[in-house]
Number of protein chains: 2
Amino acid sequence: MRKLKLDELNRVTPEEFKEQKKFPVSVVLDNIRSGMNVGSFFRTGDAFAIEKIYLTGYTPRPPHKEIFKTAIGASETVAWEHHQEAVPLIRSLKSKGWYCVGIEQTTASVFLQNVTKPRQPIAVVFGNEVHGISDDLLPLLDEVWEVPQFGTKHSLNVSVCGGIILWEVIRELL
Amino acid sequence: MRKLKLDELNRVTPEEFKEQKKFPVSVVLDNIRSGMNVGSFFRTGDAFAIEKIYLTGYTPRPPHKEIFKTAIGASETVAWEHHQEAVPLIRSLKSKGWYCVGIEQTTASVFLQNVTKPRQPIAVVFGNEVHGISDDLLPLLDEVWEVPQFGTKHSLNVSVCGGIILWEVIRELL
């Protein structure tokens, strides 16, 4: 066994990425505070070839120093849009057939290990690092998922949580 | 549906965490450069109640400003040890019955969606952010797993990857 060389990873070029078929998965980042978290979502979104990242509310957007630091180029490859308001965006996505799932600890959340094969196309909504998904968005969501946790902290880092959720969705599509 | 209040999350106190039964999962972080990545592993390790984090080589260890920033307290809850050399540590873990899995892109890696229910107790090894797992560690590992990637970048962020892998292991134990 030996490590693969970079050219053996068969990664696509940014031009090829733009042309290639994406997984029917998008992400909505609403009122995320940290550009580093946003950049991390771009890097993960590139790895999993997702369709689009929607940046809503005061979520930082490219060009942005913190985003660049953690996206390491992926903010140039993954398609993104900014919308000032998340509510009309979610309504619009739903009207176009997107299944909208929020990641939040609520009275009606489904623990991730109990999620059945999710419908597609799917848009996954993440909210503010401290306050979570805003109360006006929650009622619009088709479903809410929660990663079970067994420790002392209230939550996972949002970009780590994003990786877990996106992998969970993508693995069902492989 | 409404968001849960903090006291409804039923999180344990640091004292309760130390006493509670852990999942038979440990993490080895060998020659990780960034304290922020290390801190992120502590936060994820707390959430998933793992047994221990081994910090080897030049991986930063607490007390450390960057670790504190992303661990937000979890470096006080998750048990950890520092070992200067990873090779004897892995040999020792194996001799105690730990199944040692590396996360790396190699000629013999198993893609994560093809991993069968992993043996336990399991130690998951992550290497340097750029160079990955060192060549002297690779031959000692029982298995190597790889997260499939479809984009332009060579790899995921190591702490995002850590979240994905730990979730994949923990979900099998629920």
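See the structure above.
What counts and how
- Residues numbered from 1 in each chain as written.
- Chains lettered and ligands numbered in written order.
- Predicted model: local features only at pLDDT ≥ 70, side-chain atom pairs only at ≥ 80, totals over all residues.
- Pairing = 2+ DSSP bridges.
- Helix = DSSP H or I, 4+ residues; strand = E, 2+ residues; numbered from the N terminus.
- Expected span 1.5 Å × (residues − 1).
- Buried ≥ 20, exposed ≤ 12 C-beta atoms within 10 Å, placed from the backbone.
- Least-squares fit on C-alpha atoms with pLDDT ≥ 70 in both.
- Contact = placed C-beta atoms within 7 Å.
- Core = buried A, V, L, I, M, F, W, Y, C linked by C-beta atoms within 7 Å.

*Asks:* Which residues make up the sheet that holds strand 2 (residues 50-56) of chain A, and what are the values?
*Replies:* Residues and elements named next belong to chain A. Across the sheet, which stays open at both edges, the seven strands sit in the order 3-2-1-6-4-7-5 with parallel pairing between neighbours. With partners counted over all chains shown, the strands left at the sheet margins are strand 3 (80-83) and strand 5 (110-111), one partner each. Summarising the sheet, strand 4 (residues 99-103) and strand 6 (residues 122-126) pair through four bridges and their orientation is parallel. Paired with C100 across the two strands is A123, which belongs to strand 6.

*Asks:* Report on helix 5 (residues 158-171) of chain B, specifying residues and quantitative values.
*Replies:* If you check helix 5 of chain B, its first and last C-alpha atoms are 20 Å apart, about what 14 residues at 1.5 Å a residue would give, namely 20 Å. For helix 5 of chain B, a buried count of 13 out of 14 residues is recorded, marking the element as mostly surrounded by other parts of the structure.

*Asks:* If you had to explain unusual backbone geometry to someone new, which residues and values would you point to?
*Replies:* All names here are of chain B. The linkage connecting P62 with the following residue, P63, adopts the cis geometry, with an omega of -5°. Structurally, P63 can be placed in the loop between strand 2 (50-56) and helix 3 (65-71). Geometrically, the link from Q120 to P121 is a cis peptide bond, its omega value of 0° lying close to zero. Relative to the assigned elements, P121 resides in the loop between strand 5 (110-111) and strand 6 (122-126). Its identity is not glycine, yet N31 carries a phi of approximately 50°, on the positive side. Structurally, N31 is set in the loop between strand 1 (23-30) and helix 2 (35-47).

*Asks:* Give a detailed account of the relation of the copies chain A and chain B, specifying residues and quantitative values.
*Replies:* Between the two copies of the chain lies a rotation about an axis combined with a shift along it. Superposition record for chain A on chain B: RMSD 0.0 Å, screw rotation 180°, translation along axis 0.0 Å. Such a combination of turn and shift is consistent with a two-fold rotation axis. Mapped onto chain B, 100% of the interface residues of chain A are again interface residues, and the two copies thus contact each other with one and the same surface.

*Asks:* Could you give an account of the nonpolar core, with specific residues and numbers?
*Replies:* Grouped together as the largest cluster of nonpolar side chains are 98 residues, with contacts concentrated most on L29, V124 and V125 of chain A together with L29, V124 and V125 of chain B. Ignoring any residue separated from it by four or fewer positions in sequence, one finds L29 of chain A in contact with V38, F41, I53, Y54, L55, T56, T59 and F126 of chain A.

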